[in-house]
Amino acid sequence: MAEKITPRAEDYSKWYLDIVKEAQLADHSDVRGCMVIKPNGFALWEKMQRALDGLFKATGHVNAYFPLFIPMSYLAKEEEMAEGFAKECAVVTHHRLKAEKGRGLYVDPEAKLEEPLVVRPTSETIIWKTYKNWIQSYRDLPILVNQWCNVVRWEMRTRLFLRTAEFLWQEGHTAHATREEAEREAHMILMDCYRRFAEEWMAMPVLTGPKSEGQKFPGAIYTLCIEALMQDGKALQAGTSHFLGQNFAKAFDVQFLNDKQQLEYAWATSWGVSTRLIGGLIMTHSDDNGLVCPPRLAPTHVVICPLGKNEEERRAAQAAAEQLAAALRSLPRDEFFGYEPINVKVDTMYDKQPGYRFAEYELRGVPVRVEIGPKDLEKQACVIGRRDRPGKEGKQVGIPLSSAPALIRDLLVEIQQSLFQRAREYRDRMTRAVDTWEQFKQEIEHGGFLMAHWDGTRETEDRIQEETGATIRCIPFDQPEEAGQCVLTGRPSTKRVAFARAY
RNA sequence: CGGGGUGUAGCUCAGCCUGGCUAGAGCGCGUGGUUUGGGACCACGAAGUCGCAGGUUCGAAUCCUGUCACCCCGACCA
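Residues numbered from 1 in each chain as written. Chains lettered and ligands numbered in written order. Predicted model: local features only at pLDDT ≥ 70, side-chain atom pairs only at ≥ 80, totals over all residues. Heavy atoms only, no water.

J.: Explain the nonpolar core to me, please; I cannot follow it from the model alone.
T.: Across soluble globular proteins, nonpolar side chains show a tendency to be buried alongside one another. Grouped together as the largest cluster of nonpolar side chains are 56 residues, with contacts concentrated most on Met 48, Tyr 194, Phe 197 and Ile 282. Excluding its chain neighbours within four sequence positions, the residues that come into contact with Ile 282 are Trp 15, Tyr 16, Ile 19, Val 20, Leu 25 and Leu 291. Core analysis: the next-biggest nonpolar cluster, separate from the first, contains 32 residues, Ala 317, Ala 325, Ile 372 and Ile 399 among them. (Core = buried A, V, L, I, M, F, W, Y, C linked by side-chain atoms within 4.5 Å. Buried < 20%, exposed > 50% of the residue type's maximum accessible area, 1.4 Å probe, protein only. Contact = heavy atoms within 4.5 Å.)

Shown next, in the form of structure tokens:
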């Protein structure tokens, strides 16, 4: 079975690419480092967008849109950011081509732009340049804006979803009158939007907390992150929320008059998650049979496969399937499914064998599959299989058609919970405390998060990375304070931090 | 940008070293038939200017020169 997918144990990154391909999520495009997101993959992204957008709106944010192109001089205004992104920017230098017979198309040298335009790698600069015009008084604050868009970062090595030259994301950019309010915002986004989304929708447990100085975003005072652990023991940065202080307000001279009639620079945050989350979702739940998709984000919740050896049997089975589909679609809408109807597909690939059809929907990650054949119809019943327990083993037979809709609905909720629980158990099992350098070097080879004391210096972090490939992923909020000694230098430390090798 | 590799049918590749007559296989695709409760089989069929441009030769997928693209490994990253 499942010859199309390279087993995880054999080659994890090949397995990952097989899943992306076989679940029809995305393809490599002809453009280096860029992907074509196929309808299945995009449907997943749309579900993510909808859930996240709901969380942003519920916390007072609104959507807007800023230009794709950023004048190079804007990017230059904030030094750390300029330095951080300089090496990976796509640049527009001309505004016209020429078409000539015999010579074809070429760039018109006459059409050189006075100032090069950078394709946004992130939008802080152009947005803060704009905010200068929006902000004069404390009464104009806060500004709580988000945008859904694409960005380009000219990466050397790319992998579908995890790192592509162009990717889709959302970027929130907020402006506040006080430091406290901005910091509250950065924390709130991380905990109430990103953490909740990761855990409650993606069923992906995450560590939450600041990045170390060495890992923070260029231009930020500090960066908060959600950090997940993939099945191969490598960590994935799944989302970040930055407290930017007054760096961008100062770079773009955004001052406002506070209620004491004093001029003050505005306080900023920015935060984003991207299509990388799709990569994280795949590597958190999927197995050697294909994609496993948590029900809350599944483009299709239920597939019903009517079975029959001839026209007659098929007609009867398909009628029953359509009826069940209609019953599922008309179940009362609830919060779990985003107040949308359950999405049901009736499969009619009769030219393929049943086994092929079952395997196909396992590849695609449909959480629940229903089989209705002549044997079931005799008893007005059906067979229900759950994707998180693939193959024949997870099937329940003889479920009466009349009670199937409610049962399937509950099953979807249960699958969601069970995926989260399984992922959390794995993550917890792969998270362990280490106290000596020998232990550290040995344990890092087995992947997972190593909770170790660190002396807080950049030098130590760099040395650990050089020697082991591991970086500080997160300084978890919920890690208790305790006296200890740095795992490398033996210098005093008050808290363990999470080390891992990462994507 | 350094090191390695590959461009032949929609996909994966063989053929190239040692030039030769209609350029092959598997998968996929189409048609017909037998099948059908965990990835079926048979028959027939469609499909390639052999990455591109030169050169050598009676003759080039094959040899030579140039060029482009992509992949893998390193330095950078959501």
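J.: Explain the protein's contact with RNA strand B here, please?
T.: Not every one of the 39 residues close to RNA strand B is listed here, only the nearest: Arg 157, Arg 163, Gln 353, Arg 369 and Asp 376. Backbone sugar and phosphate groups make up 43% of those atoms of RNA strand B lying within 4 Å of the protein. Measuring from a base nitrogen of RNA strand B, one finds a side-chain N or O atom of Ser 274 at 3.4 Å. A distance of 2.3 Å separates a base oxygen of RNA strand B from a polar side-chain atom of Arg 369. Of all the elements in the fold, those that place two or more residues in the surface near RNA strand B are helix H10 (354-364), strand E19 (368-372) and helix H11 (374-378). (Near = heavy atom within 4 Å. Polar contact = N/O pair within 3.5 Å; in protein donor to acceptor, adjacent residues only side chain to side chain. Helix = DSSP H or I, 4+ residues; strand = E, 2+ residues; numbered from the N terminus.)

J.: I tried to follow the domain arrangement of chain A on my own but got confused; where do I start?
T.: The extent of an interface is frequently quoted as the accessible surface area lost upon association of the parts. Assigned domains of chain A: these are domain 1 (12-66 + 124-285), domain 2 (302-411) and domain 3 (432-500). Taking the mean C-alpha position of each, domain 2 and domain 3 sit 49 Å from one another. (Domains from an automatic or database assignment.)

J.: Quick question: what am I supposed to make of the pairing of strand E17 (residues 302-306) here?
T.: On a regular strand, each side chain points to the face opposite its neighbour's, so the side chains alternate between the two faces of the sheet. In terms of residue burial, E17 counts as a mostly covered element, since five of its five residues are buried. Of the two faces of E17, both are covered, the one formed by Val 302, Ile 304 and Pro 306 as well as the one formed by Val 303 and Cys 305. Summarising the sheet, E17 and strand E18 (residues 344-346) pair through three bridges and their orientation is parallel. In the strand pairing of E18, Val 303 is matched with Lys 345. (Pairing = 2+ DSSP bridges.)

J.: Can you help me understand helix H14 (residues 458-468) in this one?
T.: Counting along an α-helix, one turn takes 3.6 residues, and residues three or four places apart therefore face a common direction. Three or more residues of H14 are buried, namely Thr 460, Glu 461, Ile 464 and Thr 468. The buried residues of H14 occupy one face: seen down the axis, they fall within an arc of 100°. Turned more than 90 degrees from where H14 packs its buried face, Glu 459 and Glu 466 sit exposed. The inward-facing, buried residues of H14 contact helix H13 (437-444), strand E24 (471-474) and strand E26 (492-500). Positive phi shows up at Gly 469, right after H14, with a value of about 80°. (Arc of directions from axis to C-beta.)

J.: For this particular structure, what's the right way to read the packing of helix H9 (residues 311-329) against helix H12 (residues 404-429)?
T.: Geometry of a packed helix pair, given as the angle between the helix axes and the separation of the axes. As a packed pair, H9 and H12 sit with axes 9 Å apart at the nearest point and diverge in direction by 60°. Taken as axis vectors, H9 and H12 run oblique relative to one another. Between H9 and H12 the crossing geometry is right-handed. Counting all contacts with H9, which are made through Leu 324, Ala 327 and Leu 328, the residues of H12 involved are Ala 404, Pro 405 and Ile 408. Tallied by class, the residues present in the contact of H9 with H12 amount to six nonpolar, no polar and no charged. (Axes fitted to C-alpha atoms, helices over the stretch in contact; angles between N-to-C directions. Parallel < 35°, antiparallel > 145°, perpendicular 65-115°, else oblique. Left-handed = near helix turned anticlockwise from the far one by under 90°. Nonpolar A, V, L, I, M, F, W, Y, C, P; charged D, E, K, R; others polar.)

J.: What is the right way to read a nonpolar patch on the surface from this model?
T.: There is a patch of nonpolar side chains on the surface, built from Leu 97, Leu 105 and Val 107 and spanning about 300 Å² of accessible area. By secondary structure assignment, the location of Val 107 is in strand E7 (residues 104-107). (Patch = residues over 30% accessible without salt bridge, like charges linked within 9 Å, V, L, I, M, F, W, Y side chains within 5 Å. Areas by Shrake-Rupley, 256 points an atom, 1.4 Å probe, with all protein chains shown as cover. Salt bridge = Lys/Arg side-chain N within 4 Å of Asp/Glu carboxyl O.)

J.: Sorry if this is basic, but what is going on with the packing of aromatic side chains here?
T.: Working definition: an aromatic ring pair is given by the centre-to-centre distance plus the angle between the planes. Under the counting rule described, the total for this entry stands at 18 aromatic pairs. When the centroid spacing of 5.3 Å and the interplanar angle of 40° are considered together, the rings of Tyr 131 and Trp 134 count as tilted. Of this pair, Tyr 131 and Trp 134 both sit in helix H5 (residues 124-134), separated by three residues, roughly a single helical turn. Residue classification places Trp 134 among the partly exposed residues on the basis of a relative accessible area of 39%. Measuring from ring centre to ring centre gives 6.1 Å for Phe 197 and Trp 201, while their planes differ by 20°; the resulting arrangement is stacked. (Phe/Tyr/Trp six-rings, centres within 6.5 Å; stacked < 30°, edge-to-face > 60°.)

J.: Would you mind showing me how to read the sheet that holds strand E16 (residues 267-274) here?
T.: Two orientations exist for strands paired in a sheet by backbone hydrogen bonds: parallel and antiparallel. Strand order across the open sheet formed by seven strands is E3-E9-E10-E16-E13-E12-E11, with mixed pairing between neighbours. Edge strands, defined here as strands with exactly one partner in the open sheet, are strand E3 (62-63) and strand E11 (207-210). Inspection of the sheet shows E11 paired to strand E12 (residues 222-229) by four bridges, in the antiparallel sense. The partner of Gly 209 across the bridge, within E12, is Cys 225. Packed on one face of the sheet, helix H6 (residues 179-201) meets strand E9 (143-152), strand E10 (166-176), E11, E12, strand E13 (235-245) and E16 and runs near 15° to E16. In the packing of helix H8 (residues 276-285) onto the sheet, the strands contacted are E13 and E16, and the crossing angle to E13 comes to about 145°.

J.: Would you mind showing me how to read the sheet that holds E17 here?
T.: Read from one edge of the open sheet, five strands run E18-E17-E19-E20-E21, paired in mixed fashion. The two strands at the open ends of the sheet, each matched to only one other strand, are E18 and strand E21 (396-400). Taking each pair of neighbouring strands and ignoring which way they run, the sheet shows an average axis angle of 25°. Seen against the sheet, H10 touches E17, E18 and E19 and runs at an angle of roughly 170° to E17. The strands that H12 touches are E17, E19, strand E20 (381-386) and E21; relative to E20, the one it contacts most, it runs at about 10°.

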